[in-house]
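Listed below, chain by chain, are the residues.
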There are 2 protein chains.
Amino acid sequence: MRLVDLSHPVETGMQVFPGDPPVRTELAATVPQDGFQVSGLHLGTHSGTHVDAPLHTVDGGAPVDTLDLLRLLGPARIVRVAGLKKTDTIRWTDVEAQLEEVAPGDIVLFHTGWSRYFDTGAYLQHPVIEVLIAERLVAAGVTVIGVDTLNPDPTPGAGGVLDLPVHSVILGAGGAILENLTNLDAVTWPNPVVSALPLKLRGLDGSPVRAVALEL
Amino acid sequence: MRLVDLSHPVETGMQVFPGDPPVRTELAATVPQDGFQVSGLHLGTHSGTHVDAPLHTVDGGAPVDTLDLLRLLGPARIVRVAGLKKTDTIRWTDVEAQLEEVAPGDIVLFHTGWSRYFDTGAYLQHPVIEVLIAERLVAAGVTVIGVDTLNPDPTPGAGGVLDLPVHSVILGAGGAILENLTNLDAVTWPNPVVSALPLKLRGLDGSPVRAVALEL
């Protein structure tokens, strides 16, 4: 079985969505003093590679601990879009051919290559997904999508206006969005299976995940 | 595909190993105020259902982000031990027959039923595993084990002496230990596959996980 890790490392001071809780880890017990080592973790539900639950943007939406795990562990399609520049929009017509055979329940991941900018300012000026893509996917029975960027929608700069059309469509359909994926270029075999199981965070809006692609 | 969730919910004030960091979650952004909801998470690397990496007890041991994920996602054997009372020891002779066909790389989980006491004082007085079991498993090529208790070794009361023989054998062999599993009674089919992938916590000693059993 082949496995590719699609997750960024989680560590103190790593880049997060502007305004999100900072990531910090610290020693809480040590082998010399306590006989074992334990660390304290401080982070946000949307730190690093993570899943958005409907509650992230939908009033009364499903929290992350109630998501059907079989929707976050299954066949995936990786849509590859090359040559993108900052804040470019990926349009339906750019990806339509790659989505012809998409099946209900598939996990659809968009590979832009933008993960190479993680932890830099350029990461905030990522490509975005046209809302028509989300609408067509939901119509085709796909409600779990993922991106190797911070956000499928534009990330506003200081004082900018927040607009979350892709979130609204996917999460409004009771789906889930994977963000901050990486290493999608290493998934080179056909019919990968993706696993991105959230922590069972009671009543919360999202969760960091260890996302992987598998060749079964 | 059938799936059983082997994980306890993670929530503010949940039971943790005595002295470990408390679990607390809080709202960090809300839909009315910010347009989306984000939560802050404060917990320990060994909160709730989690994996111990060698670094948890072994000086210079491997941190959790370097574990081979294919060892934490694969065929599992569930060893069932009924009728246990508090602080009972599970002996090699109790489980030998169930481990006759264990294969190198199997994940071996011990089902005691003690998870029903989670979040009560009785949970601290759990059954433990005889070190001979760990030694025999390592000799058979098994280095990932799991328990539906707080700890495969005794959990000391206030002022008690810490003794971690099972941790020393398994983690000393470069393995991993899953703790605070639940719902093992619901895994009723033969040859389950277990997934318990840790977060990619750089250089740390363990990680909360969403552990599941699958029928593939």
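Higher on the page you've got the structure.
None of these values were measured; they are calculated from a predicted model.

1. Observations regarding the overall build of chain A
Of regular secondary structure, chain A possesses four helices and 13 strands. Radius of gyration (C-alpha) of chain A: 17 Å, near the 17 Å computed for a compact globule of 216 residues. For chain A, the C-alpha atoms occupy an extent of roughly 60 × 45 × 35 Å along the three principal directions. By residue count, 48% of the 216 residues in chain A fall in the buried class. Sequence-distant contacts, at least 24 apart, represent 74% of the contacts inside chain A between residues at least 6 apart.

2. Remarks on the packing of helix α3 (residues 131-139) of chain B against helix α4 (residues 165-172) of chain B
Residues and elements named next belong to chain B. Remark: α3 packs on α4, axes separated minimally by 8 Å, with the N-to-C direction vectors making an angle of 10°. Taken together, the axes of α3 and α4 lie roughly parallel to each other. The segment α3 lies against α4, with Val-131, Ala-134, Glu-135 and Val-138 engaging Pro-165, Val-166, Val-169 and Ile-170. Its residues assigned to classes, the contact of α3 with α4 shows seven nonpolar, no polar and one charged.

3. A closer look at the interface of chain B and chain A
Counting residues at the interface gives 48 residues for chain B, matched by 48 residues for chain A. Going through the elements one at a time, β1 (2-5), β2 (24-29) and β3 (38-44) of chain B are the ones with two or more residues in the side of chain B that touches chain A. It is β3 of chain B that provides the largest number of residues to the side of chain B that touches chain A, a total of seven residues. Grouping the amino acids of the side of chain B that touches chain A by side-chain chemistry returns 24 nonpolar, 15 polar and nine charged.

4. Observations regarding the environment of Asn-191 of chain B
Turning to its location among the elements, Asn-191 of chain B is positioned in the loop between β10 (176-179) and β11 (193-195). Between the C-alpha atoms of Asn-191 of chain B and Arg-77 of chain B, which are 114 residues apart in sequence, the distance is 7.1 Å.

5. A closer look at the relation of the copies chain B and chain A
Expressed as a screw transformation, the operator carrying chain B onto chain A has a rotation angle of 180° and an axial translation of 0.0 Å, and the superposed copies differ by an RMSD of 0.0 Å. What the superposition gives is, in effect, a two-fold axis relating one chain to the other. Closest approach to the rotation axis among the C-alpha atoms of chain B is made by His-42 of chain B, whose C-alpha sits 2.4 Å away. Counting the interface residues of chain B, we find that 100% of their copies in chain A are interface residues as well, pointing to one common contact surface.

How each quantity is defined
- Residues numbered from 1 in each chain as written.
- Chains lettered and ligands numbered in written order.
- Predicted model: local features only at pLDDT ≥ 70, side-chain atom pairs only at ≥ 80, totals over all residues.
- Helix = DSSP H or I, 4+ residues; strand = E, 2+ residues; numbered from the N terminus.
- Rg over C-alpha atoms; globule rule 2.2 N^0.38 Å.
- Buried ≥ 20, exposed ≤ 12 C-beta atoms within 10 Å, placed from the backbone.
- Contact = placed C-beta atoms within 7 Å.
- Axes fitted to C-alpha atoms, helices over the stretch in contact; angles between N-to-C directions.
- Parallel < 35°, antiparallel > 145°, perpendicular 65-115°, else oblique.
- Nonpolar A, V, L, I, M, F, W, Y, C, P; charged D, E, K, R; others polar.
- Least-squares fit on C-alpha atoms with pLDDT ≥ 70 in both.

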